[in-house]
Amino acid sequence: MTETTNGNKDDLQIIKLSASSVKTYNQCNLRYYYNYIAKIPRQEWDHLLLGNLCHRALELFHREYLENGLNGNSLNKLMTKSFSLAKKEFIGIAEASIVEAKSLLGDYLKNVIKNGMPLVKGIETSFDFALTDDIIIRGFLDRLDILKDGTFHIVDYKTTKNVKYLEPFQLLMYGLWLKHEYPEIQKFKASYVLLRHGSKTKEYDFNLEDLKKVEKDLINYAMKIRQEDKWAPEPSVLCKWCDFVKICPSQKGW
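First things first, this report covers the structure right here in the doc.

What follows concerns the overall build of the protein. In terms of regular secondary structure, the protein is built from seven helices and seven strands. Moving toward the C terminus, one meets the helices and strands of the protein in the order β-β-α-α-α-α-α-β-β-β-α-β-β-α. By the compact-globule yardstick of 18 Å for 254 residues, the protein fits well, its C-alpha radius of gyration being 20 Å. Principal-axis analysis of the C-alpha atoms gives the protein an extent of 60 × 50 × 35 Å. Out of the 254 residues belonging to the protein, those deemed buried represent 43%. Of the contacts formed within the protein by residues at least 6 apart in sequence, a portion of 65% connects residues at least 24 apart. With the model as given, the accessible surface of the protein reaches about 14500 Å², and the carbon-plus-sulfur share is 51%.

This part takes up the layout of surface pockets. In this structure, the largest pocket encloses a volume near 2500 Å³. Ser20, Lys23, Leu48, Lys158 and Gln170 are, among the 49 residues lining the largest pocket, the residues nearest its centre. Secondary structure elements with two or more residues in the lining of the largest pocket: helix H1 (19-27), helix H2 (29-37), helix H3 (46-68), strand E3 (120-132), strand E4 (135-146), strand E5 (152-158) and helix H6 (169-181). Top contributing element to the lining of the largest pocket by residue count: H1, with seven residues. Here the residues of the lining of the largest pocket sort into 19 nonpolar, 17 polar and 13 charged. For the second largest pocket, the calculated volume is near 500 Å³. In terms of lining residues, the second largest pocket is bounded by 20 residues, among which Asn115, Gly116, Pro118, Arg143 and Asp145 are the most central. Looking at the lining of the second largest pocket element by element, the count peaks at four residues for helix H5 (residues 95-115). A per-class count over the lining of the second largest pocket returns nine nonpolar, seven polar and four charged.

Here the focus is the environment of Ser21. Tracing the backbone shows Ser21 in helix H1. Remark: the alpha-carbon pair of Ser21 and Tyr32, spanning eleven residues in sequence, is separated by 6.9 Å. Setting aside residues no more than four positions away along its own chain, Ser21 makes contact with Lys16, Tyr32 and Tyr36.

With that settled, consider the side chain of Asp156. Relative to the helices and strands, Asp156 resides in strand E5. Residue classification places Asp156 among the buried positions, given a relative accessible area of 3%. Setting aside anything within four residues of it in sequence, one finds Asp156 in contact with Asp142, Gln170, Leu171, Tyr174, Ser191, Tyr192 and Val193.

So, how was this worked out
- Residues numbered from 1 in each chain as written.
- Predicted model: local features only at pLDDT ≥ 70, side-chain atom pairs only at ≥ 80, totals over all residues.
- Heavy atoms only, no water.
- Helix = DSSP H or I, 4+ residues; strand = E, 2+ residues; numbered from the N terminus.
- Rg over C-alpha atoms; globule rule 2.2 N^0.38 Å.
- Buried < 20%, exposed > 50% of the residue type's maximum accessible area, 1.4 Å probe, protein only.
- Contact = heavy atoms within 4.5 Å.
- Areas by Shrake-Rupley, 256 points an atom, 1.4 Å probe, with all protein chains shown as cover.
- 1 Å grid on protein atoms, 1.4 Å probe; cavity = no way out; pocket = protein on both sides within 12 Å on 5 of 7 lines; lining within 4 Å.
- Points joined across faces, edges and corners; volume = space filled by probe spheres on them.
- Nonpolar A, V, L, I, M, F, W, Y, C, P; charged D, E, K, R; others polar.

Given below as structure tokens:
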């Protein structure tokens, strides 16, 4: 019930893990099955579209600056242009989400003007690499910066309201990719940019021991997923935001 090299069950089974897939498996086995194995189409949510709009605008903002600098524009004009271009890609998004996204990006811009533009090395970087012979790690890194002392800094944008549930696991998965790309690193920084909280940051300092631990955790997750045979629903308060609530057997009669 996992992905294989060519569809033959006798071949080595390949487990593909991302931060979102591990989170999904932790929350509900059946939701993982629906999403990553049965691959049932997911529902669109306004709050996710808001996040996607902010991510796209920030990608355009930093990419334009990285490639062309200000080119005679101000940072305000650069953000205005980036937001305008991003909006065109989200036809049908609620007007309230557009208004909120503009406000969140305004706060982000204020911080950039105050603290200066970061030295960006990578933007919206997709990755896919082998952790072991039968485990693939994949994902999208919002931004990779280089600090003044040469340290790599992983940056991930978040539009979540309740930040107490944010954990470093996702950032550490990105750190595994960073170590894969730059084997010489001994440490790195990583941050969540909390867009709904004035673009404040939740920062971490990581080292090789942290990466070794998350690597072991991922190997354990892959083993559990490979051995899973029940795919049972796990009802919780999160069910009302589940993409598959209408077909989940645990919701019948509610």
